[in-house]
Amino acid sequence: MNKKTSLTGGDTGLVYSVRLPLSSRTVNHVAGLIRAHRKTIRSRWRKLDAGQIAVIVLAHLRNDERLADLAGGNAVSASTVRRWVLEVIGLLAARAPRLDRALAKVAKDSGCLVLLDGTLIRTRRRTGRANRKNYSGKHKAHGLLFLALTDAQGRLLWISSARRGACSEITAARYEKLCARLRELELAAVADLGFFRRAFSAWSAASPLPPSAGAGPA
């Protein structure tokens, strides 16, 4: 069986350069993760070096460049680029902080307040019944829902795993048991009105902090 490994658009395809709006620190960080992973699995060689792979993967994740286009411009197959993307996603996910550890760090650093909000990352529309699960009635769009916690200065502390777009922010917070975790560490939360009324109202009444610094609507 012969496999087609020619570049996208044929051998006469054109290659152009685009600007990737990311810092060199981000690229070097991802490249360092790739190098460490190679050393761990004892990978002897790759078609491209770690820095080039980092740029390709970040171009896909940041600019949503097509895998086939990235493959054609770097003389590799689309399946190779896909494997690199999944590999880097796994490496980044492994470094993501757990919710309990992130909250414990805030409490240890004498913090008393976290900011909570949810966001919908839009995705392509799926066909059939699978389409309904990712449709958000609130945003009138298809996507995946994420919850995020930041400190009082807005620095990201934790982000949840992806949930289907039809899931509400309140339901996602209940899945993560956010109220119980915050109450256990005596941390207050600033959230939007929906969170405050439906998920945090009972807890905020017993909050050890005054109303000016306790949980409430943003």
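See the structure above.
Rules used throughout
Residues numbered from 1 in each chain as written. Predicted model: local features only at pLDDT ≥ 70, side-chain atom pairs only at ≥ 80, totals over all residues. Heavy atoms only, no water. Helix = DSSP H or I, 4+ residues; strand = E, 2+ residues; numbered from the N terminus. Buried < 20%, exposed > 50% of the residue type's maximum accessible area, 1.4 Å probe, protein only. Contact = heavy atoms within 4.5 Å. Areas by Shrake-Rupley, 256 points an atom, 1.4 Å probe, with all protein chains shown as cover. Pairing = 2+ DSSP bridges. Core = buried A, V, L, I, M, F, W, Y, C linked by side-chain atoms within 4.5 Å. Axes fitted to C-alpha atoms, helices over the stretch in contact; angles between N-to-C directions. Parallel < 35°, antiparallel > 145°, perpendicular 65-115°, else oblique. Nonpolar A, V, L, I, M, F, W, Y, C, P; charged D, E, K, R; others polar. Patch = residues over 30% accessible without salt bridge, like charges linked within 9 Å, V, L, I, M, F, W, Y side chains within 5 Å. Salt bridge = Lys/Arg side-chain N within 4 Å of Asp/Glu carboxyl O. Expected span 1.5 Å × (residues − 1). Arc of directions from axis to C-beta.

Undergrad: Would you take a moment to explain the overall build of the protein chain for this structure?
TA: Secondary structure summary: the protein chain contains ten helices and seven strands in total. Counting across all 218 residues of the protein chain, residues that qualify as buried make up 34%. Taking the intrachain contacts of the protein chain between residues at least 6 apart in sequence as the baseline, contacts between residues at least 24 apart amount to 58%. Total accessible area on the protein chain is roughly 14600 Å²; 52% of this is exposed by carbon and sulfur atoms.

Undergrad: Teacher, can you tell me more about the pairing of strand β3 (residues 141-150) here?
TA: Looking along a regular strand, one sees side chains alternate from face to face of the sheet. Counted residue by residue, β3 has eight buried out of ten residues, so it is predominantly covered. When strand β1 (residues 113-122) meets β3, the two strands line up antiparallel, connected through eight bridges. Its bridge partner being in β3, L115 is matched across the sheet by T150. Note that strand β2 (residues 135-136) and β3 share two bridges and pair antiparallel. Opposite Y135, over in β3, you have H142 as the bridge partner. Between the end of β2 and the start of β3, which pair antiparallel, lie four residues, with K140 showing a positive phi angle near 55°. The sheet contact formed by β3 and strand β4 (residues 156-159) spans three bridges and is antiparallel. In the strand pairing of β4, A148 is matched with I159. The hairpin turn running from β3 into β4, its antiparallel successor, is five residues long, and G154 in that turn takes a positive phi close to 90°.

Undergrad: Looking at this model, I keep getting lost on the nonpolar core. Mind explaining?
TA: For soluble globular proteins, nonpolar side chains are generally found buried alongside one another. Ranked by size, the top nonpolar core spans 21 residues in total, and within it I34, V81 and W84 carry the most contacts. Excluding residues that lie within four positions of it along the chain, I34 makes contacts with A50, I53, A54, V88 and L91. Of all hydrophobic cores here, the second largest spans 18 residues; its members include L149, L182, A189 and A191.

Undergrad: Before we go on, may I ask you to explain the packing of helix α2 (residues 50-63) against helix α4 (residues 78-94) in this structure?
TA: In helix packing, the relevant descriptors are the interaxial angle and the interaxial distance, both defined with respect to the helix axes. At a minimum axis distance of 9 Å, the contact between α2 and α4 shows a crossing angle of 85°. Comparing their axes, α4 and α2 come out roughly perpendicular. Residues I53, I56, V57, H60 and L61 of α2 touch α4, and the partners they reach there are V81, W84, V85, V88 and I89. Of the residues contributing to the contact of α2 with α4, the split by class is nine nonpolar, one polar and no charged.

Undergrad: Hey, could you run me through unusual backbone geometry in this one?
TA: Note: most peptide bonds trans; most residues except glycine with negative phi. Non-glycine residue A75 carries a positive phi angle of around 60°. Relative to the assigned elements, A75 resides in the loop between α3 (67-73) and α4.

Undergrad: Can you walk me through the pairing of strand β6 (residues 188-191) in this structure?
TA: Every second residue of β6 is oriented toward a common face, with A188 and V190 on one face and A189 and A191 on the other, all of them buried. Note that β1 and β6 share three bridges and pair parallel. The partner of L113 across the bridge, within β6, is A188.

Undergrad: Where do I start with a nonpolar patch on the surface in this structure?
TA: Residues L61, L86, I89 and L92 make up a contiguous nonpolar surface patch of about 340 Å² in total accessible area. In terms of residues, the nonpolar patch owes the most to one element, α4, which gives three residues. Tracing the backbone through its elements, the reader meets I89 in helix α4. According to the relative accessible area criterion, I89 is partly exposed, its value standing at 39%.

Undergrad: What exactly am I supposed to notice about helix α1 (residues 24-41) here?
TA: Residues lying three or four places apart along an α-helix face the same way, a consequence of the helix completing one turn every 3.6 residues. Across its 18 residues, α1 extends 26 Å between first and last C-alpha, which sits within 8% of the 26 Å expected from 1.5 Å per residue. The set of residues buried in α1 consists of V27, V30, A31, L33, I34 and R38. The buried residues of α1 occupy an angular sector of 155° when the element is viewed end-on, so they sit on one face. Facing away from the buried side of α1 by over 90 degrees, the exposed positions are R25, N28, K39 and T40. Residues of α1 that are buried sit in contact with α2 and α4.

Remember, this is a structural readout, not a statement about activity or role.
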